[in-house]
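Residues per chain are reported as follows:
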Amino acid sequence: MSATLVLRGGRLLLRASTQTFVEALAVDGEQVIAAGDLNEVAEHIGPRTEVIDLAGRLAMPAFGDAHVHAANAGLEMLRCNLLGMRTRQACLDAVASYASGLAPGAWLVGGGWAMEGFPGGLPRASDLDAACGGRPAFLPNRDHHSAWVSSTALERAGIAADTPDPPDGRIERDSLGQPIGVLHEGAMSLVSRLVPETSPAELTRGLLRAQEHLLALGVTSWQDACIG
């Protein structure tokens, strides 16, 4: 079978999990048809085969992602990272641990919590207050359509029982109409506008952390879906 593409003359990473390398690789369309030494692959070179000499370079499997939020994701990974935590207590423990390293009065920011980790899908400001020591806190969930905020953050934003929902969002309330500490969609901006602005140096660190994570997953090209 003639290949449409042959890579040779370098080191080709065949299996990342076992660090298996080969000398050459033959591809027909989207399917690998041969991998091994030069002799094993050479027989698949036909008159229409594109042959690329790697000149000693490394070739490896990779993915491209057309919709990521790399810088912001990297910032959350460097801050109070709640991604992957499945229980209320795990989130509260992580918040308490992160808060212990902050300066007095500093905002606690991060995110990544999941609704299924909390009763009824809704965390509470009272829980967050205890874990973060009464700090102002703003923690978007993993899809960034809701945010968990502390009582101090609600107070600074002037959010109370008589605060109307914005046209594009909702303030989650208890049976008495009091805000419980969850803001949805456009209501998030009532607090997010008060969070200290991220510096260029912090954004750079976040971008590099996200890039490190993406490369570890084999994502070597990506497009940020929201530059602002």
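Residues numbered from 1 in each chain as written. Predicted model: local features only at pLDDT ≥ 70, side-chain atom pairs only at ≥ 80, totals over all residues. Heavy atoms only, no water.

Undergrad: What is the right way to look at helix H2 (residues 70–78) in this model?
TA: Two residues of an α-helix separated by three or four positions point the same way, owing to the 3.6 residues in each turn. When we look at burial in H2, the residues that qualify are Ala70, Ala71, Gly74, Leu75 and Glu76. The elements touched by buried residues of H2 are strand S6 (63–68), strand S7 (80–81), strand S8 (108–111), strand S9 (137–140), helix H7 (200–216) and strand S13 (219–224). (Buried < 20%, exposed > 50% of the residue type's maximum accessible area, 1.4 Å probe, protein only. Helix = DSSP H or I, 4+ residues; strand = E, 2+ residues; numbered from the N terminus. Contact = heavy atoms within 4.5 Å.)

Undergrad: What is the right way to read the side chain of threonine 152 from this model?
TA: The residue threonine 152 is located in helix H5 (residues 151–157) in this model. Residue class for threonine 152 comes out buried when judged on its relative accessible area of 19%. Residues within four places of threonine 152 in sequence aside, it is in contact with Asp129, Gly134, Arg135 and Pro136.

Undergrad: What exactly am I supposed to notice about the nonpolar core here?
TA: Nonpolar side chains in soluble globular proteins generally cluster together in the buried interior. The biggest cluster of nonpolar side chains holds 16 residues, and the ones touching the most others in it are Leu82, Val95, Leu108, Leu139 and Trp148. Mapped onto this core, the elements with two or more residues apiece are helix H3 (88–99), helix H4 (125–132) and S9. Here the element with the most residues in this core is H3; it accounts for five residues. (Core = buried A, V, L, I, M, F, W, Y, C linked by side-chain atoms within 4.5 Å.)

Undergrad: Help me out: how do you make sense of the pattern of salt bridges in this one?
TA: What the rule picks out here adds up to seven salt bridges. A salt bridge links arginine 142 to glutamate 116; the shortest N-O distance between them is 2.9 Å. Here arginine 142, found in the loop between S9 and strand S10 (146–149), pairs with glutamate 116, found in the loop between S8 and H4; they are 26 residues apart in sequence, far enough to count as distant. You can call glutamate 116 exposed: its relative accessible area is 53%. One salt bridge connects arginine 173 with aspartate 165, and the closest N-O pair in it is separated by 3.0 Å. Overall, the relative accessible area of 25% leaves arginine 173 in the partly exposed class. If you follow the salt bridges from partner to partner, you end up with Arg86, Glu116 and Arg142 in one network. (Salt bridge = Lys/Arg side-chain N within 4 Å of Asp/Glu carboxyl O.)

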